Every structure is written in C-alpha cells, then in structure tokens.
Amino acid sequence: MTFTLPDLKFEFDALEPHIDKETMEIHHDKHHAGYVKKLNDAVVGTNLENKDIKEIIGDIDSVPEEIAKAVINNGGGHANHTLFWEILSPTKTELSGDLLEAISKKFGSFEEFKIKFSDTAATRFGSGWAWLVLKGGELEITSTPNQDSPLMNNQTPILGLDVWEHAYYLKYQNKRPDYIEAFFNVVNWDKVAENFSAAKA
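1. Looking at the packing of helix α1 (residues 21–43) against helix α3 (residues 65–86)
Part 1 of the argument: As a packed pair, α1 and α3 sit with axes 8 Å apart at the nearest point and diverge in direction by 140°. Crossing handedness for the pair α1 and α3: left-handed. Mapping the contact onto sequence places Met24, His27, His28, His32, Gly34, Tyr35, Val36, Lys38, Leu39, Ala42 and Val43 in α1 and Ile67, Ala70, Val71, Asn73, Asn74, Gly75, Gly77, His78, His81, Thr82, Phe84 and Trp85 in α3.

2. Topic: the nonpolar core
Part 1 of the argument: Core analysis: the biggest nonpolar cluster contains 44 residues, and Phe113, Leu159 and Phe183 have the highest contact counts within it.
Part 2 of the argument: Ranked by residues supplied to this core, first place goes to strand β1 (residues 128–135) with six residues.
Part 3 of the argument: Leu159 has contacts with Leu83, Ile87, Phe113, Phe117, Ala130, Trp131, Leu132, Phe183, Val187, Trp189 and Val192, leaving out every residue within four places of it along the chain.
Part 4 of the argument: Core analysis: the second largest hydrophobic core is formed by 15 residues, Val36, Leu48, Ile67 and Ala79 among them.

3. Brief notes about helix α7 (residues 176–183)
Part 1 of the argument: Those residues of α7 that fall on the buried side of the exposure criterion are Arg176, Tyr179, Ile180, Ala182 and Phe183. The buried residues of α7 all sit within an arc of 160° when viewed along its axis, so they share a single face.
Part 2 of the argument: Here the buried face of α7 lies against α3, α5 (110–122), β3 (156–162) and α6 (169–172).

4. Some details on the sheet that holds β1
Hydrogen bonds along the backbone pair up the strands of a sheet, which may run parallel or antiparallel.
Part 1 of the argument: One open sheet accounts for three strands, arranged β2-β1-β3; its pairing is antiparallel. The open sheet terminates on both sides in strands that have one partner only, identified here as β2 (138–145) and β3. Taking each pair of neighbouring strands and ignoring which way they run, the sheet shows an average axis angle of 20°.
Part 2 of the argument: When β1 meets β3, the two strands line up antiparallel, connected through six bridges. Considered in β3, the bridge of Trp131 is made with Gly160.

5. Here we look at the packing of aromatic side chains
Part 1 of the argument: This structure, assessed with the given rule, holds 15 aromatic pairs.
Part 2 of the argument: Here the aromatic rings of Phe110 and Trp189 are separated by 5.6 Å at their centres, their planes lie at 85°, and the arrangement is edge-to-face. Of this pair, Phe110 sits in helix α5 while Trp189 sits in helix α8 (residues 189–200), and the two are 79 residues apart along the sequence.
Part 3 of the argument: On the basis of relative accessible area, Trp189 is assigned to the buried category, the value being 5%.
Part 4 of the argument: When the centroid spacing of 6.0 Å and the interplanar angle of 55° are considered together, the rings of Tyr172 and Tyr179 count as tilted. Neither Tyr172 nor Tyr179 differs from the other in exposure class; each is buried.
Part 5 of the argument: Over the face of the ring belonging to Phe184 we find Lys114, whose NZ or CZ atom lies 5.2 Å from the ring centre.
Part 6 of the argument: Lying across the ring of Tyr172, Lys171 places its NZ or CZ 5.6 Å from the centre.

6. Quick notes on the pairing of β2
Part 1 of the argument: In this structure, β1 lies alongside β2, joined through eight bridges in antiparallel fashion. Following the sheet pairing, Val133 is matched in β2 by Glu140.
Part 2 of the argument: Here β1 hands over to β2 after two residues, with Gly136 in that stretch at a positive phi of 60°.

So, how was this worked out
Residues numbered from 1 in each chain as written. Predicted model: local features only at pLDDT ≥ 70, side-chain atom pairs only at ≥ 80, totals over all residues. Heavy atoms only, no water. Axes fitted to C-alpha atoms, helices over the stretch in contact; angles between N-to-C directions. Helix = DSSP H or I, 4+ residues; strand = E, 2+ residues; numbered from the N terminus. Left-handed = near helix turned anticlockwise from the far one by under 90°. Contact = heavy atoms within 4.5 Å. Core = buried A, V, L, I, M, F, W, Y, C linked by side-chain atoms within 4.5 Å. Buried < 20%, exposed > 50% of the residue type's maximum accessible area, 1.4 Å probe, protein only. Arc of directions from axis to C-beta. Pairing = 2+ DSSP bridges. Phe/Tyr/Trp six-rings, centres within 6.5 Å; stacked < 30°, edge-to-face > 60°. Lys NZ or Arg CZ within 6 Å of the ring centre and 35° of its normal.

Right, dumping it as structure tokens:
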C-alpha cells in the first residue's frame, strides 16, 4: 500500500463536547480509511504510486482519464482529511502573529472572518468543504464540493472544515451551523499559522 491512514494526535474523545467520540472514530477509521484504500486500488501499478498526494492533486489534469475520478474523490478525500486532523486540537490555542494580522487586513477582523467562513460552510450545498486558502499571496475563503481540494484550483489550503453530514450528523443532526460554531473551539491555530507560513515560503 502506497498511501496510509495517518494516526490522530489525540484520542477519539479528546474533542468532546464539541465533536463526539463516535463521530471521530467513524470519520477517521471508516471514512478516511476508505478513501485511502480506494486511492491505493486506483493507482496500483501506475507512476502515481510513489508520488506525494499533494503533488498528484495539484496536477490533477495529468492523471490518466480512466482513474481520474477515483483519484479526485479518494485522493482528494485523503488530502483533505489529512489536513483536517492536523488543524484540530483538544488544547485551546489563540490566533496571533502574522496570520492574525493577515486575516484582519483581508477580512477586517477575526470576527468578520469567522462570520464569512461560517456562512461559506453553512451554505455549501450538499457535501463538501469550507476553506481558508492562500492564492497568489492573498488569503481567500472558498468552498469545494464533495472531496475536491483547493489544490486542484492552484490554491493552498491552510484551514479546512468538513461539512459532509458524516462529520457532524450523529451529534448535530441537521444543525450544521451549530457544528460550525463548535469547530472554532477545537481549531489548532498554531498549526494553521504554520500552514500559512509554509504556503508563503
């Protein structure tokens, strides 16, 4: 197997009460594991086996047509979730430094950013993701359908929120805005700032 399921850096129940243990367990061990298995099945025997997933997703047009859909769905799912687990933390962190300054400059304030990001996440029709990305040196809030990645649009994701129903339905049912609000209690802003610095380099 070329691609592997990354371990969580915390226990399944560590994000409670904001994200429940059962959701985390199913989301990581079933959904993400499923994307990894299907991705490996799709690329076996091709020159994609030994490439980094970000490299593959960032050059999606070069993926052979017969496996492109599987790579978009499952490779995107793998890349998206790998980032998602990294920007979650049971330990409260504060947004500060260059990223706070950049967010305030772009969106007016952190609160204005939070409102716009939350609205983007809440209004993503069906399954998908909300993102804070860097493109051409500029921060942008965007969303993608299904498991599409901003990397496919020449954007570097630094913060992502999974708004597929499997990410929240056990606890929040159809109350997606409540899940979005809860998400902000478990964001690892240190990691997001690290992503921002790396994207600017």
